[in-house]
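# Tertiary structure, described
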Amino acid sequence: MNLWIKGGRLLDPAAGWDGICDLFVSNGVVVSAGSLPEGEKQRFFDAGVTEIDASGKCVMPGFVDLHVHLREPGFEYKETIRTGTMAAAKGGFTAVCPMPNTNPATDCPEMIRRVLAIAEKDSPIRVYPVGAITLGQRGEQMTDIEGMVKAGAKALSEDGKSVMDSGVYREAMKEAARLSVPVLAHCEDKNLAGRGALNAGKKAEELGVEGITNAVEDIIVARDILLAKETGARLHLCHCSTRGSVGMIRSAKEEGIPVSGEACPHHFTLTDEDILSNDANYKMNPPLRSAADADALRRGLAEGVIDAISTDHAPHGREEKEAPIAEAPFGIVGSETVFSLAVTELVKTGILSPLQLVEKMSTNPCRILGVRGGSLQPGMPADITIADFEEKYAIDKNNFVSKGRNTPFDGREVYGAIEYTIVSGKVAYPFR
Ligand code: DOR
Ligand code: ZN
Ligand code: ZN
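Since the model is a prediction, treat every value here as computed from it, not as a measurement. (Residues numbered from 1 in each chain as written. Chains lettered and ligands numbered in written order. Predicted model: local features only at pLDDT ≥ 70, side-chain atom pairs only at ≥ 80, totals over all residues. Heavy atoms only, no water.)

### Focus: the packing of aromatic side chains
Counted by the stated rule, this structure contains eight aromatic pairs. Note on W4 and F45: the rings are 5.3 Å apart at their centroids and 80° apart in plane angle, and the pair reads as edge-to-face. You can see W4 sitting in strand 1 (residues 2-12) and its partner F45 sitting in helix 1 (residues 38-46), a full 41 residues away along the chain. Three or more aromatic residues joined by ring pairs form one cluster here, namely W4, F24, F44 and F45. Sitting over the ring of W4, K6 keeps its end group 4.6 Å from the ring centre. Across from the ring centre of F330, 4.6 Å away, lies the NZ or CZ of K283, which sits over that ring. (Phe/Tyr/Trp six-rings, centres within 6.5 Å; stacked < 30°, edge-to-face > 60°. Helix = DSSP H or I, 4+ residues; strand = E, 2+ residues; numbered from the N terminus. Lys NZ or Arg CZ within 6 Å of the ring centre and 35° of its normal.)

Right under this line is the structure:
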């Protein structure tokens with residue numbers, strides 16, 4: 001089946017395109033942007049064509065989320081590979097990278113194959129599994145990294161925590177460098193974090209909970225950059241939340257160290273001053289920081305220091321998040337709100353152009369993972385996101401397809417709606 005996407009505004013940062021044009025897809029691949037050569041028209045239309053009217057909409061290479069938690073196996077009451085990937089498809093994502101903090105942890109080739117087998121049957125989009133760095137994420141013994149990569153792992157991470165033993169971590173980074181897979185780093189010094197629940201500051205004091213200082217993140221960011229320099233591993237820093245992280249990534253890049261960074265919508269949209277007392281929907285790790293930190297993240301995004309926008313989609317059960325802030329688990333959902341929050345907070349404010357937004361949600365994530373995608377030039381996979389940047393609506397958590405309802409953004413007025421998510425030339429969203 002062929003696909004004719006008509007009259008949309010094509011945004012393709014890799015090709016430097018921003019303009020109205022048609023897109024032609026055949027056998028899951030982009031055949032042409034603009035028009036078909038005379039000789040090919042007959043054949044294209046004879047094969048049967050689905051038309052999508054994209055006038056007034058933007059047509060973009062499919063979004064790729066470098067950071068989600070799908071919770072299967074082990075925590076299916078929070079989310080499953082099926083509900084999590086459906087939420088991602090609804091959010092405009094054609095691929096997601098599920099983190100390994102499942103139960104059991106995704107820490108061996110067999111587990112990578114298990115995740116891929118479930119995804120094959122249940123997911124409307126691509127799934128690029130992330131393998132754990134240590135067995136059971138216990139921080140002691142390195143996993144079979146080569147075996148996991150051979151089984152289909154696209155990256156390594158200990159997300160949920162940092163590997164605190166720098167010796168073990170350095171060995172893993174050497175393996176990652178040898179096998180050319182990126183390390184997605186959650187930066188948190190466990191000993192410094194203690195029982196901290198919110199950013200260290202007035203808000204934490206007011207609510208009587210322990211604080212998490214910026215140094216908790218910055219110390220590990222510094223260590224990881226030093227180890228990337230020493231080992232040559234490609235280091236990607238997850239959910240950057242501090243101005244220190246932004247500054248260190250900037251200097252590391254200037255030095256030519258292979259490092260990239262991501263920011264999540266909550267960290268560039270909210271600060272700890274926005275936290276409503278005892279609402280654990282404002283609790284995530286790393287925590288909401290100060291206005292100076294959020295400013296630095298926005299500037300880092302605008303200046304290309306921060307390469308990607310990811311969600312850290314972290315669904316939890318309702319009762320779990322109804323607990324007092326000090327006790328509730330860290331994390332909020334994000335797959336179904338990230339595009340609208342990015343459009344509203346970054347594009348409508350002039351911080352990012354639409355092309356830059358696509359770069360952060362598609363082109364750069366593909367480059368960081370080393371997978372094909374992130375562009376709609378002829379020959380590329382037909383992974384496509386079509387969205388309306390002007391549509392205004394209020395976020396309603398009751399409309400989420402994720403099992404998680406844990407968001408601080410319920411009721412927020414935003415711009416930007418996903419119209420279609422297309423994977424390999426087939427419509428994954430709207431669902432049929
Ligand atoms: O907020 C978070 N939630 N941060 C993490 O690092 C882990 C995640 C989760 O798995 O819930
Ligand atoms: Zn994390
Ligand atoms: Zn995470």
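Now that the structure is up, let's keep going.
### Digging into the coordination of the zinc ion (ligand 2)
Every protein donor of the zinc ion (ligand 2) is listed here as D159 (OD), H186 (ND1) and H239 (NE2), and their distances to the metal cover 2.0 to 2.1 Å. Coordination geometry of the zinc ion (ligand 2): the four donor atoms subtend angles of 83 to 129° at the metal centre, consistent with an arrangement described as irregular. Taken in sequence order, the residues that donate to the zinc ion (ligand 2) follow the motif D-x26-H-x52-H. In this structure, the zinc ion (ligand 2) lies 3.4 Å from the zinc ion (ligand 3), and both are coordinated by D159. Taken as a pair, H186 in the loop between strand 11 (183-185) and helix 6 (190-193) and H239 in the loop between strand 14 (235-237) and helix 9 (243-254) lie far apart in primary sequence, 53 residues in all. A single burial state applies to H186 and to H239, both of which are buried. (Donors = N, O, S within 2.8 Å, 3.2 Å for Na, K, Ca; no water. Tetrahedral: all angles 85-135°; square planar, octahedral: opposite > 155°, others 65-115°. Buried < 20%, exposed > 50% of the residue type's maximum accessible area, 1.4 Å probe, protein only.)

### What to know about the nonpolar core
Residues Y169, L235, L237, I309, L357 and F389 are the most contacted members of the largest nonpolar core, which totals 72 residues. In this view, L357 contacts I309, F339, A342, V343, V347, L352 and F389; residues no more than four positions away in its chain are not counted. (Core = buried A, V, L, I, M, F, W, Y, C linked by side-chain atoms within 4.5 Å. Contact = heavy atoms within 4.5 Å.)

### Focus on the site of ligand 1
In the vicinity of ligand 1 there are 13 residues, among which R71, N101, H186, N285 and H316 approach most closely. In the model, an oxygen atom of ligand 1 is placed 2.7 Å from a nitrogen or oxygen of the R71 side chain. When the free accessible area of ligand 1 is taken as 290 Å², the share hidden by the protein chains comes to 93%. For the shell around ligand 1, a count of residues per class yields three nonpolar, seven polar and three charged. (Near = heavy atom within 4 Å. Polar contact = N/O pair within 3.5 Å; in protein donor to acceptor, adjacent residues only side chain to side chain. Areas by Shrake-Rupley, 256 points an atom, 1.4 Å probe, with all protein chains shown as cover. Nonpolar A, V, L, I, M, F, W, Y, C, P; charged D, E, K, R; others polar.)

### Considering the environment of T106
Examined against the element boundaries, T106 turns out to sit in the loop between strand 7 (93-98) and helix 3 (109-122). Residue T106 is classed as buried on the basis of its relative accessible area of 3%. Taking the C-alpha atoms as reference points, T106 and P73, 33 residues apart in sequence, are found 8.9 Å from one another. Those residues in contact with T106, other than ones at most four positions away along the chain, are P100, M111, I112, V115, V130, G131, A132 and M148. Of note is the side chain of T106, whose polar atom sits 2.9 Å from the side chain of T102.

### Quick notes on the coordination of the zinc ion (ligand 3)
Surrounding the zinc ion (ligand 3) are the protein donor atoms H67 (NE2), H69 (NE2), D159 (OD) and D312 (OD), which sit 2.0 to 2.2 Å from the metal. Going along the chain, you hit the donors of the zinc ion (ligand 3) in the pattern H-x1-H-x89-D-x152-D.

### Description of the sheet that holds strand 6 (residues 63-68)
Taking strand neighbours across the sheet as the criterion, the three strands line up as 6-7-8 in an open arrangement whose pairing is parallel. Only two strands of the sheet have a single partner each, and these edge strands are strand 6 and strand 8 (126-127). In this structure, strand 6 lies alongside strand 7, joined through four bridges in parallel fashion. In the sheet register, D65 faces strand 7, and the bridge partner there is V96. (Pairing = 2+ DSSP bridges.)

### Description of the sheet that holds strand 16 (residues 308-309)
An order of 9-10-11-14-15-16 is seen for the six strands of this open sheet, with the pairing classed as parallel. On the outer flanks of this sheet lie strand 9 (130-131) and strand 16, each paired with one strand and no other. Taken together, the two bridges between strand 9 and strand 10 (residues 155-157) define a ladder with parallel strand orientation. Its bridge partner lying in strand 10, V130 is registered against A155.

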